[in-house]
Amino acid sequence: REGDISYMMIRVATSSSRSVFSLSRPLLLGNGRRFYTTSSSSTPPSSDQTHFGFQTVKTEDKEKLVGDVFHKVANKYDVMNDVMSVGIHRLWKDSFVSTLNPVPGSVLLDVAGGTGDIAFRCYDKMSSLSPLSSSETERGKITVLDINPSMLAVGQDRARQRNILSSSSLGPKMEWVEGNAQKLPIEDETIDAYTIAFGIRNCTDIPLVLREAHRVLKKGGRFMCLEFSQVNLTGLRQLYDFYSFNLIPVWGHLISNDYASYQYLVESIRKFPDQETFKQMITSAGFKLSSYENYSYGIAAVHSG
Amino acid sequence: RKSTMLRPLISSSRTTICKACLPLLSTRSYSLFSSSSSTSHDFDNRPLYEGHIPTNKLQKSVLAVGSAILGFIDPTRADLIATLGETTGSCALKSIREKMLQSPEGRQILASRPFINMETLPSHLKHLPPSTFGGSYYQFMSSHGYSPDERPKVRMVDDEDLAYVMLRYRQVHDFWHVLAGMDTSVKEEVAVKWMEMVQTGLPMTMLSAVVGGLRLSIRDQIELYTKMAPWAVRCGRQSTNLMSVLYENHFEDDLVEFRKKLNFVPY
């Protein structure tokens, strides 16, 4: 039956008001057990199936499932990030952008950029360095791409509040595009730097995303990925697992009335490949000089190629 | 009749940890936080009913405190009030169930689990005269624009039976308004909560009664504490067990007669 496992389950008997609650048990992974960390994190059970958190779902369904999650979390996304990471995500992103060091005139692509945290930081950095008299091309361009329109809408709102969308602004041009990281609506070799922060683990086909990144980057262009990773420091790992599984969904429930989406979030972190494996994947996609740096002992990591 | 919507699997935080994998976390200290309602080791984390989110004791305490604070700040978050009730109500729900099991009507309710929503209410309800229980109920609901479908689902109760009891409590709340002849101003809601406190013993009712009372003007508070609350306590004590009543069978009853049957004295 494992092949038929779908995460759509728990049907309420439709006949009468008697059976209010169904006794059907959700079908889970075959062995019925779950572990905080999984060793076989990146191998799906069969070719047309993949993981959605700890669940196994059909590959073609994953995109929609992830889409549903992000539609729901979009409007409280930023608040929740602050609550879950106690504000530390801001430090990670600051460090990430500072490592990237975007200069005026660059053409940046921020994939899964959603609410714009990375894009706005790049914008600020680039505008602070831009001379006042520069033309549009000299100022550069930032494209924020996301598959989820709800997340993009939040980002665009923030841009409006910062007055970036008006043509009189001095920084790089920002554009907000709805698109799929697996099939970028961008021409080959046009991007100076490709960033993806906390988005790649939600993609269905990570090697394909990496190959697409390789395609759109100019020769000498840089790929940078900020993502949750595996913590190897014993003691911290247990604490982190405990916090993730017990408290993060609770914050999700209290703040956005959505326990399940945050449950998905913490599970998807565990399923993502570890630092070394991901580095190999980046190299396989054609990147040279791939490397990584841990943030907070591996809670997050920056991979670069 | 709910369609199978795509919905993320509700999974538990309490996972079965392989001892070999986590040597530093002894099973004894971990079990302090394990879910208490599991009967079988292998099926600890399964949702027991639609919408069930299994939670352990630590999570329940965080949820209780968090929902109390956030619910106080933003009382429009009905889901938080619901969460608070569910995380604090386990003992009271058990005692309500025990009381229900002692009466034949209560046992019938627990066995058949009737559900009160727009589809299960009789369609002729609106034609009943206001002197009947059903007619009065219809007037009450339609004058405020309420629907019985609005009550939040039960999610944090770790037992199917008790989850039903909680749901039933939420659903019959409107019937109790009708019996008491109380409208839905804050003062009157608090008075009904006092009555529910005596009848059900749910800590949530006590919290609402106290906190709700704080929001009233001085004059209202005086009226509440000198007249309405004493009435509520008396009424709650004298009436039969209101959770064990199959209200669905009494829509056509005359309201006054029905109250007498229940020994319920309206305000």
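Residues numbered from 1 in each chain as written. Chains lettered and ligands numbered in written order. Predicted model: local features only at pLDDT ≥ 70, side-chain atom pairs only at ≥ 80, totals over all residues. Heavy atoms only, no water.

### Points about the nonpolar core
Then comes step 1: Counting 55 residues, the largest nonpolar core has Phe133, Tyr137, Phe175, Trp176, Leu179, Tyr247 and Phe264 of chain B as the members making the most contacts within it.
Then comes step 2: Mapped onto this core, the elements with two or more residues apiece are helix 4 (90–101), helix 5 (104–112), helix 6 (133–144), helix 7 (160–180), helix 8 (186–200), helix 10 (218–238) and helix 11 (255–262) of chain B.
Then comes step 3: Counting residues in each nonpolar core, the second largest holds 30 residues, with Ala119, Leu152, Tyr295 and Ile299 of chain A among its members. (Core = buried A, V, L, I, M, F, W, Y, C linked by side-chain atoms within 4.5 Å. Buried < 20%, exposed > 50% of the residue type's maximum accessible area, 1.4 Å probe, protein only. Helix = DSSP H or I, 4+ residues; strand = E, 2+ residues; numbered from the N terminus.)

### A few points about the side chain of Thr184 of chain B
Residue and element names in this part refer to chain B.
Then comes step 1: Structurally, the position occupied by Thr184 is in the loop between helix 7 and helix 8.
Then comes step 2: Within the local environment of Thr184, its side chain forms a polar contact with the side chain of Tyr146, the two groups lying 3.4 Å apart.
Then comes step 3: With residues near it in sequence (within four places) discarded, Thr184 still touches Phe140, His144, Tyr146, His177 and Glu189. (Polar contact = N/O pair within 3.5 Å; in protein donor to acceptor, adjacent residues only side chain to side chain. Contact = heavy atoms within 4.5 Å.)

### Some details on the environment of Arg211 of chain A
Residue and element names in this part refer to chain A.
Then comes step 1: Secondary-structure assignment places Arg211 in helix 7 (residues 206–216).
Then comes step 2: Among the residues examined, Arg211 registers a relative accessible area of 45% and is labelled partly exposed.
Then comes step 3: With 70 residues separating them in the primary sequence, Arg211 and Met281 have C-alpha atoms 9.8 Å apart.

### Here's the deal with the confidence of the model for chain A
Residues and elements named next belong to chain A.
Then comes step 1: Mean pLDDT over chain A: 80, with 82% of residues reaching 70 or higher.
Then comes step 2: Ranking the helices and strands of chain A by mean pLDDT puts strand 3 (residues 107–111) first, with 94, and helix 5 (residues 136–139) last, with 75.
Then comes step 3: When the criterion is pLDDT under 50, residues 1–42 qualifies, and its contacts beyond four places in sequence or with other chains add up to 108 contacts. (pLDDT = per-residue confidence, 0-100.)

### Some details on the packing of aromatic side chains
Residue and element names in this part refer to chain A.
Then comes step 1: Per the stated rule, a full pass over the model turns up 23 aromatic pairs over all chains.
Then comes step 2: Their ring planes at 20° and their centres at 4.3 Å tell us that Phe52 and Tyr264 sit as a pair that is stacked. Taken as a pair, Phe52 in strand 1 (residues 49–52) and Tyr264 in helix 9 (residues 259–271) lie far apart in primary sequence, 212 residues in all. In this structure, Phe52 and Tyr264 share a single accessibility class: buried. (Phe/Tyr/Trp six-rings, centres within 6.5 Å; stacked < 30°, edge-to-face > 60°.)

### Quick word on unusual backbone geometry
Then comes step 1: You will see that Tyr297 of chain A, though not glycine, has its phi angle at about 60°, which is positive.
Then comes step 2: Tracing the chain through its elements places Tyr297 of chain A in the loop between strand 8 (291–295) and strand 9 (300–304).
Then comes step 3: With relative accessibility at 59%, the residue Tyr297 of chain A sits in the exposed group.
Then comes step 4: Of note, Arg113 of chain B is a non-glycine position whose phi angle comes to about 45°, a positive value.

### Comments concerning the packing of helix 3 (residues 78–88) of chain B against helix 9 (residues 203–214) of chain B
All names here are of chain B.
Then comes step 1: Where helix 3 contacts helix 9, the axes come no closer than 8 Å and their chain directions differ by 135°. On the basis of the axis angle, helix 3 is oblique to helix 9. Note on element contacts: helix 9 touches helix 3 through Pro203, Met204 and Leu207, opposite Ile81, Leu84, Gly85 and Thr88.
Then comes step 2: For the contact of helix 3 with helix 9, the residue count by class is five nonpolar, two polar and no charged. (Axes fitted to C-alpha atoms, helices over the stretch in contact; angles between N-to-C directions. Parallel < 35°, antiparallel > 145°, perpendicular 65-115°, else oblique. Nonpolar A, V, L, I, M, F, W, Y, C, P; charged D, E, K, R; others polar.)

### A short note on the environment of Arg270 of chain A
Residues and elements named next belong to chain A.
Then comes step 1: As for its position among the elements, Arg270 is in helix 9.
Then comes step 2: Residue class for Arg270 comes out buried when judged on its relative accessible area of 2%.
Then comes step 3: Linking Arg270 and Phe228, residues 42 residues apart in sequence, is a C-alpha distance of 8.7 Å.
Then comes step 4: Looking at Arg270, its side chain comes within polar contact range of the side chain of Ser244, at 3.0 Å.

### Let's talk about helix 8 (residues 236–256) of chain A
Residues and elements named next belong to chain A.
Then comes step 1: Bending of helix 8 peaks at approximately 35° at the position of Ser244.
Then comes step 2: With 16 of 21 residues buried, helix 8 is to be regarded as a mostly interior element.
Then comes step 3: Backbone geometry just downstream of helix 8 places Asn257 in the positive-phi region, at approximately 55°. (Bend = angle between axes of the 7 residues up to and from the residue.)

### Some thoughts on the pattern of salt bridges
Pairs may arise between side chains of opposite charge once their charged atoms sit close together.
Then comes step 1: Across all of its chains, the model carries 29 salt bridges over all chains by this definition.
Then comes step 2: When the shortest N-O distance is used, the salt bridge between Arg160 of chain A and Asp157 of chain A registers 2.8 Å. You can see Arg160 of chain A and its partner Asp157 of chain A sitting in helix 6 (residues 149–161), three residues apart, about one turn around the helix.
Then comes step 3: Judged by relative accessible area, Arg160 of chain A falls into the partly exposed class, the value being 48%.
Then comes step 4: On the accessibility criterion, Asp157 of chain A (40% relative accessible area) is partly exposed.
Then comes step 5: Residue Arg113 of chain B is joined to Asp161 of chain B by a salt bridge in which the shortest nitrogen-to-oxygen separation is 3.1 Å. Highlighted residues: Arg113 of chain B in the loop between helix 5 and helix 6 and Asp161 of chain B in helix 7, separated in sequence by 48 residues.
Then comes step 6: Overall, Arg113 of chain B belongs to the buried group, its relative accessible area being 14%.
Then comes step 7: Using a relative accessible area of 24% as the deciding quantity, one classes Asp161 of chain B as partly exposed.
Then comes step 8: Each of Arg97, Arg113, Asp159, Glu160 and Asp161 of chain B takes part in a single network of salt bridges with overlapping partners. (Salt bridge = Lys/Arg side-chain N within 4 Å of Asp/Glu carboxyl O.)

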